[in-house]
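# Chains, contacts and geometry: an overview
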Protein chains: 2
Amino acid sequence: CCDEICLIEFESETEAMASAYEKLMDRVRNVGRLGSIEQLLDWDQEIHMPTRGADARAEQLALIAGLSHEQFTADETGNLLVSAEANDECASANLRETKRSYDRAVKIPTALVKEIAHASSLAKHAWTKARETDTFSTFAPHLSKLIDLKKQVADRIGFETEAYDALMDEFEPGATAAEVEVLFASFREFTVGLINRLKDAPSPPDASILARHYPKDAQVPLCRMFAESIGFDFSAGRSDVSVHPFCTTIGGAGDVRITTRYWENFLPAALFGTLHEAGHGLYEQGLLAEHAFTPMGEAVSLGIHESQSRLWENLVGRSLPFWKCHFEKVQQTFPDALGDVSLDAFYGAINAVAPSMIRVEADEVTYNLHIILRFEIERALFTDKLDVSDVPAAWNEKMNAFFGITPKNDSEGCLQDIHWSMGAFGYFPTYALGNLYAAQFFEKAREDISDLDDRIAKGDHAPLLGWLRENIHRHGKRYAAGELVERVTGKPLSIEPFKAYISSKVEAVYGL
Amino acid sequence: CCDEICLIEFESETEAMASAYEKLMDRVRNVGRLGSIEQLLDWDQEIHMPTRGADARAEQLALIAGLSHEQFTADETGNLLVSAEANDECASANLRETKRSYDRAVKIPTALVKEIAHASSLAKHAWTKARETDTFSTFAPHLSKLIDLKKQVADRIGFETEAYDALMDEFEPGATAAEVEVLFASFREFTVGLINRLKDAPSPPDASILARHYPKDAQVPLCRMFAESIGFDFSAGRSDVSVHPFCTTIGGAGDVRITTRYWENFLPAALFGTLHEAGHGLYEQGLLAEHAFTPMGEAVSLGIHESQSRLWENLVGRSLPFWKCHFEKVQQTFPDALGDVSLDAFYGAINAVAPSMIRVEADEVTYNLHIILRFEIERALFTDKLDVSDVPAAWNEKMNAFFGITPKNDSEGCLQDIHWSMGAFGYFPTYALGNLYAAQFFEKAREDISDLDDRIAKGDHAPLLGWLRENIHRHGKRYAAGELVERVTGKPLSIEPFKAYISSKVEAVYGL
């Protein structure tokens with residue numbers, strides 16, 4: 001009977017003797033846990049919450065966000081950061097990243113945080129209305145307001161060259177607009193060139209076969225099989241249905257949840273959507289449990305996260321070896337839709353390139369142009385080279401220059417994405433960076449795993465997943481994104497691996 | 001653009017000017033919201049969480065429980081309680097109940113709370129093992145420890161007559177062991193007498209028809225139909241599958257969730273389980289949104305809560321009018337199982353009385369004896385009239401005296417319920433009190449709604465639900481349980497309504 005009493009006394013003693021570093025990490029872990037509870041509240045809201053639960057849910061989310069902010073920005077956090085000492089590399093990384101987040105958090109006054117939350121709540125309603133009525137002017141004052149507030153954020157956080165850097169830093173720490181500009185300039189030139197070359201290709205693929213009828217009930221087990229095949233662990237995660245697919249981490253590496261949407265007249269939505277979200281999920285499941293809820297147990301950046309989803313979705317999922325393994329099964333699953341389709345025709349269809357208005361439906365080549373367009377417009381807005389009222393004209397002009405097409409209205413033009421209404425400026429570039437990281441990582445993985453294509457063709461994804469776990473996942477935030485890329489591939493980030501990968505694939509598909 | 005800024009300034013001003021009562025209620029609401037977030041973490045754990053998420057979930061639950069306790073027992077709560085003034089009856093009730101909870105909470109030191117949590121965690125493991133190996137001695141020391149700790153709790157909270165009162169007070173505020181003893185003594189005598197009379201009844205019903213094959217896929221929509229039929233609002237709730245059925249409130253009256261289990265060889269499990277949990281759910285959905293997360297928006301007590309579930313499950317759900325309306329539909333749903341069964345035979349089967357070892361499977365008559373047995377044993381333990389080591393013997397002796405049967409081992413005897421391993425002493429009586437409250441409320445409802453049986457026979461439950469909403473649900477914790485019963489029925493709680501109800505039903509079924 002004494003055991004319990006002693007244990008409690010022992011705990012108190014341990015607490016008193018704990019080092020400043022350990023006390024700091026306890027705080028950080030609790031803040032991380034509050035964040036994961038927010039994820040559950042969000043996940044449930046998307047998937048299960050009854051409609052009339054919305055008001056209480058908004059209050060619960062605000063409460064947790066407030067408590068989390070309060071705990072993290074408390075003076076005690078700052079004091080512990082001053083006195084904490086790192087005894088090893090992991091602790092150094094945890095201290096570095098905690099300090100980074102803390103410095104950001106305390107620089108932004110609570111009133112400004114609340115004002116942004118309030119303004120973006122209004123902006124989301126206005127954006128929805130503007131899309132419905134196709135009137136950019138309904139959204140414009142809200143966009144101006146959010147840009148103004150985000151400029152205030154950038155000013156408070158501070159930056160060397162331009163405000164946009166401070167905003168990107170939230171999503172892709174260390175990235176600067178100037179560097180991204182250089183990268184994207186040649187990326188844009190290459191992409192526009194490739195698209196133009198495809199116009200006169202001798203054997204363009206027929207993507208219409210993907211729009212045949214694919215019964216949902218047959219898609220569900222197939223998608224689960226694909227997720228399991230690449231290594232997603234359903235004892236440490238689950239998959240559900242939602243309107244917009246996403247991946248969320250509810251309880252560290254042990255509880256990672258993805259969602260999918262099933263479209264009966266467009267097979268890629270669920271198929272590649274699942275591979276994409278499961279790719280995000282593999283990263284989260286590959287973070288080390290011992291570092292859960294500390295920076296060492298968190299993903300490096302949004303760009304690196306996106307590299308993991310795009311690697312599985314595209315580099316693996318749209319590759320010929322992958323379909324050599326899986327096409328027969330998919331054909332058997334949908335005999336009506338695919339009975340008359342060859343492996344080569346299917347492979348061509350899933351790699352077809354076609355300029356389109358909407359980013360989220362874009363193919364692997366044109367997708368990046370959609371991102372570059374948004375980056376150029378966002379940056380111009382934050383350097384005052386573009387006025388909010390001129391956004392629709394600038395958008396349409398760039399659509400024409402990049403793709404040779406013009407949106408018929410702003411709803412399929414500059415109003416298509418939700419990001420701006422949420423005040424998320426500097427977020428879009430991470431999508432294209434993810435594609436570049438993915439190609440560079442994959443090129444190196446292929447060097448290191450000599451029989452990689454053969455393994456994939458046999459449905460054996462363990463070597464590749466093992467390589468990603470070893471080189472990327474297990475490190476958490478140990479290295480910044482740029483440092484990680486150099487350590488893993490021996491080179492700084494470049495567009496060359498992506499160019500080589502996409503050119504050879506698309507040229508083969510189009511018979512160039 | 002000025003609107004948002006003004007709004008924020010206005011909010012701050014409002015906060016500064018808020019009365020002590022309003023500030024106190026803000027605290028109380030936040031504590032309530034944290035409690036509802038715990039409910040979501042629990043609900044998700046039962047229904048969706050992958051197995052490897054368990055460790056992180058335990059930490060999340062402990063974190064929220066700790067934050068909630070910290071916020072509620074903070075000095076500021078006590079200070080506001082001293083200075084807060086009530087301007088109306090609602091505020092009076094909120095203050096009275098907040099003070100009650102606060103006084104309880106601050107009387108129990110955190111170390112004792114932690115010790116109980118730790119001891120009951122160990123006890124749950126020991127209980128599971130004791131059941132598996134059928135060795136009460138494995139569980140006995142843990143039971144002793146928990147009784148000892150709960151005596152400490154009772155001492156700290158204080159009581160007039162005996163420690164058991166202080167424990168019951170957590171679940172059924174105001175109830176005393178002495179009062180319950182008087183009530184239960186005549187309840188026991190009546191019930192044992194009724195069971196004995198049934199032994200020689202001329203036409204006992206045949207309950208075996210309920211154990212035929214009832215396909216799960218057919219049960220699911222039927223159960224949903226029953227829940228909707230009695231008024232459960234699926235836009236403010238949902239129904240899922242879990243091992244043990246329960247009802248939980250995730251977001252005030254707007255998000256109330258029930259669960260069901262489907263047994264293909266026992267129709268009542270899902271059918272009456274759904275009516276029971278939906279009955280709990282109707283109470284929660286009937287609490288007023290304007291009082292959400294304050295005592296005025298909470299159920300009176302566990303006993304009153306159970307009265308709502310038992311009223312719909314039994315007083316309505318096992319009544320002849322109800323089945324006059326629904327039997328044909330159920331018969332059509334299960335033609336193989338019920339094709340040869342008459343309405344009268346079905347009605348008899350769902351009202352059959354048979355002594356059994358296990359409480360949760362007991363019928364409407366014998367169920368109460370299971371509760372009375374536990375009350376007598378618990379109370380003897382807390383008055384030191386019974387030693388823990390003698391619990392199995394006392395249990396078996398009472399089983400024999402009450403039912404004329406003896407458990408073949410302790411697993412189907414004194415080890416069958418989880419409650420003691422959780423340290424929940426004083427909880428069981430609320431189950432039987434619920435049955436008594438239910439009968440007394442229903443008797444009054446029948447007086448007030450002259451055509452109640454006809455309405456039920458037409459599937460129209462709106463008059464009854466409206467009556468419950470008006471007389472019970474909307475009041476939240478405005479009145480204590482005893483006061484509520486007197487206000488609604490004009491009489492203090494008595495066993496007479498239950499006696500009259502059950503005797504007339506069972507005698508008719510058995511042809512007495």
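This text gives an overview of the structure that appears in the document. In this numbering scheme, every chain counts its residues from 1 along its sequence in written order. For this description, chains carry letters from A and ligands carry numbers from 1, given in the order in which they are written. Two thresholds apply to this predicted model, a pLDDT of at least 70 for residue-level local features and 80 or more for giving and counting side-chain atom pairs, whereas whole-chain, interface and lining totals are computed over all residues. With hydrogens and water excluded, all non-hydrogen atoms of the structure serve as input to the side-chain values.

### Observations regarding the overall build of chain A
Secondary structure elements follow DSSP: runs of H or I of four or more residues count as helices, runs of E of two or more count as strands, with numbering from the N terminus. From N to C terminus, chain A includes 22 helices and 3 strands. Note that the radius of gyration is over C-alpha atoms, with the globule rule given as 2.2 Å times the number of residues to the power 0.38. For chain A, whose C-alpha radius of gyration is 24 Å, the value lies close to the compact-globule estimate of 24 Å for 512 residues. Overall size of chain A, expressed as C-alpha extent along the three principal axes, is 75 × 55 × 50 Å. Only protein chains enter the accessibility calculation, which uses a 1.4 Å probe; a residue is then buried when its area is under 20% of its type maximum, exposed when over 50%, and partly exposed in between. In chain A, which comprises 512 residues, the share counted as buried stands at 56%. Every residue pair with non-hydrogen atoms within 4.5 Å of one another is taken to be in contact. A separation threshold of at least 6 residues defines the contact pool for chain A, and within that pool the share at least 24 residues apart is 73%.

### Quick word on empty space enclosed by the protein
Both cavities and pockets are sets of points on a 1 Å grid over the protein atoms alone; in a cavity a 1.4 Å probe fits but cannot get out, in a pocket the set is open with protein on both sides within 12 Å along at least five of seven lines, and lining residues sit with an atom within 4 Å of a point. Grid points are joined across faces, edges and corners, and a volume is the space filled by probe spheres set on the points. If you walk through the whole model with that rule in mind, you get 3 cavities of 30 Å³ or more. Its volume calculated, the largest cavity comes out at about 60 Å³. The nonpolar class holds Ala, Val, Leu, Ile, Met, Phe, Trp, Tyr, Cys and Pro. Asp, Glu, Lys and Arg form the charged class, and all remaining residues, Gly among them, are polar. Considering only residue class, the lining of the largest cavity consists of 5 nonpolar, no polar and 2 charged.

### A short note on unusual backbone geometry
Although it is not a glycine, aspartate 134 of chain A sits at a positive phi angle of roughly 55°. With respect to the secondary-structure elements, aspartate 134 of chain A resides in the loop between helix H6 (110-133) and helix H7 (136-157).

### Comments concerning the relation of the copies chain B and chain A
Overlaid copies result from least-squares superposition on C-alpha atoms, with residues included only where pLDDT is at least 70 in both. Structural alignment of chain B on chain A gives an RMSD of 0.1 Å, achieved by rotating through 180° and translating 0.1 Å along the axis. In short, the pair behaves as if placed about a two-fold rotation axis. In this assembly the copies share their binding face: 100% of the residues contributing to the interface of chain B also contribute to that of chain A.

### A look at the interface of chain B and chain A
Facing 46 residues of chain B, the contacting portion of chain A comprises 46 residues. Computed with a 1.4 Å rolling probe, the buried area is the accessible surface lost when two parts are put together, summed over both parts. Together chain B and chain A conceal approximately 4000 Å² of surface at their shared face, both sides included; 63% is due to carbon and sulfur atoms. Linking aspartate 44 of chain A and arginine 257 of chain B is a salt bridge whose minimum nitrogen-to-oxygen distance equals 2.7 Å. Among the secondary structure elements, those contributing two or more residues to the side of chain B that touches chain A are helix H1 (2-17), helix H2 (20-47), helix H3 (54-73), helix H6 (110-133) and strand E1 (237-241) of chain B. Whenever Lys or Arg places a side-chain nitrogen within 4 Å of a carboxyl oxygen from Asp or Glu, that contact is recorded as a salt bridge.

### Topic: the sheet that holds strand E3 (residues 256-260) of chain A
Residue and element names in this part refer to chain A. Two strands pair if DSSP finds at least two bridges between them. Spatially, 3 strands are ordered E1-E3-E2 in an open sheet, and the strand pairing comes out mixed. Each edge of the open sheet is held by one strand with a lone partner, namely strand E1 (237-241) and strand E2 (247-249). Shown here is a sheet whose adjacent strand axes are inclined to one another by a mean of 20°, direction ignored. Sheet analysis places E1 next to E3, joined by 5 bridges and oriented parallel. Residue pairing in the sheet places valine 241 in a bridge with threonine 260 of E3. The angle between two axes is taken between their N-to-C directions and runs from 0 to 180 degrees, where each axis is a line fitted to C-alpha atoms and a helix contributes only its stretch in contact.

### Here we look at the packing of aromatic side chains
In summary, the pairing rule links any two rings of Phe, Tyr or Trp, Trp by its six-membered ring, whose centres are within 6.5 Å, and it sorts them by plane angle into stacked for under 30 degrees, edge-to-face for over 60 and tilted for everything else. As enumerated under the stated definition, the model contains 46 aromatic pairs over all chains in all. Geometrically, the ring pair formed by phenylalanine 187 of chain B and phenylalanine 498 of chain B is edge-to-face, given 5.4 Å between the ring centres and 80° between the ring planes. Within this pair, whereas phenylalanine 187 of chain B is found in helix H9 (residues 177-198), its partner phenylalanine 498 of chain B is found in helix H22 (residues 496-510), the two being separated by 311 residues in sequence. Judged by its relative accessible area of 0%, phenylalanine 187 of chain B falls in the buried class. Residue classification places phenylalanine 498 of chain B among the buried positions, given a relative accessible area of 3%. In this structure an aromatic cluster arises from ring pairing among Tyr164, Phe184, Phe187, Phe375, Phe382, Phe425, Phe498 and Tyr501 of chain A. In this analysis the charged atom, NZ for Lys or CZ for Arg, is taken to sit over a ring once it is within 6 Å of the ring centre and within 35 degrees of the ring normal. Arginine 257 of chain A extends its terminal NZ or CZ atom over the ring of tryptophan 43 of chain A, reaching a point 4.4 Å from the ring centre. Here the guanidinium or amino end of arginine 310 of chain A rests over the ring plane of tyrosine 367 of chain A, the centre of that ring lying 4.5 Å away.

### Focus on the state of the cysteines
Residue and element names in this part refer to chain A. Note that a disulfide, as used here, is simply two cysteine sulfur atoms within 2.5 Å. Under the criterion given, the structure shown has 0 disulfides over all chains. Cysteine 247 takes part in no disulfide bond, and the closest cysteine sulfur, belonging to cysteine 223, lies 15 Å away. Accessibility expressed as a relative area gives 21% for cysteine 247, which makes it partly exposed.

### As for the pairing of E3 of chain A
Residue and element names in this part refer to chain A. Counting buried residues along E3, 5 of its 5 residues qualify, which places the element largely inside the surrounding structure. Burial of E3 is two-sided: the residues Val256, Ile258 and Thr260 facing one way and the residues Arg257 and Thr259 facing the other way are all buried. Of the pairings in the sheet, the one linking E2 to E3 comprises 3 bridges and is antiparallel in character. Opposite threonine 249, over in E3, you have valine 256 as the bridge partner. Taken together, E2 and the strand that follows it, E3, pair antiparallel across an intervening segment of 6 residues, in which glycine 252 is found at a positive phi of about 60°.

### Regarding the pattern of salt bridges
The tally for this structure, following the rule as stated, stands at 80 salt bridges over all chains. The salt bridge involving lysine 145 of chain A is made with glutamate 115 of chain A; its shortest N-O contact spans 3.2 Å. Pair noted here: lysine 145 of chain A is in helix H7 and glutamate 115 of chain A is in helix H6, with a separation of 30 residues, a long-range link. Given the relative accessible area of 11%, glutamate 115 of chain A is considered buried. In this structure, the salt-bridge partner of glutamate 181 of chain B is arginine 379 of chain B, at a minimum N-O distance of 3.0 Å. Of the two residues, glutamate 181 of chain B is situated in helix H9 and arginine 379 of chain B in helix H16 (residues 366-382); the sequence distance between them amounts to 198 residues. Judged by relative accessible area, glutamate 181 of chain B falls into the partly exposed class, the value being 39%. What makes arginine 379 of chain B buried here is its relative accessible area of 15%. Linked through salt bridges whose partners overlap, the residues forming this network are Arg96, Glu97, Arg100, Arg104, Asp169 and Glu170 of chain A.

### Details of helix H3 (residues 54-73) of chain A
Under the convention used throughout, the expected extent of a helix is 1.5 Å for every residue step, that is, one less than its residue count. Look at H3 of chain A: 28 Å from first C-alpha to last across 20 residues, which is about the 28 Å you get at 1.5 Å a residue. Where H3 of chain A is buried, its residues meet helix H2 (20-47), helix H4 (75-83) and helix H5 (89-107) of chain A together with H2, H3 and strand E3 (256-260) of chain B.

### A closer look at the packing of helix H10 (residues 216-230) of chain B against helix H11 (residues 268-286) of chain B
Each pair of packed helices can be described by the angle between their axes along with the distance between the axes. Residues and elements named next belong to chain B. With their axes 9 Å apart at the nearest point, H10 and H11 run at an angle of 35° to one another. Our pair here, H10 against H11, has a crossing hand that is right-handed. Of the residues in H11, those touching H10 at Gln219, Leu222, Cys223, Phe226, Ala227 and Ile230 are Ala270, Leu271, Thr274, Leu275, Ala278, Gly279 and Leu282. Here a crossing is called left-handed whenever its near helix is offset anticlockwise from the far helix by less than a right angle, and right-handed whenever the offset is clockwise.

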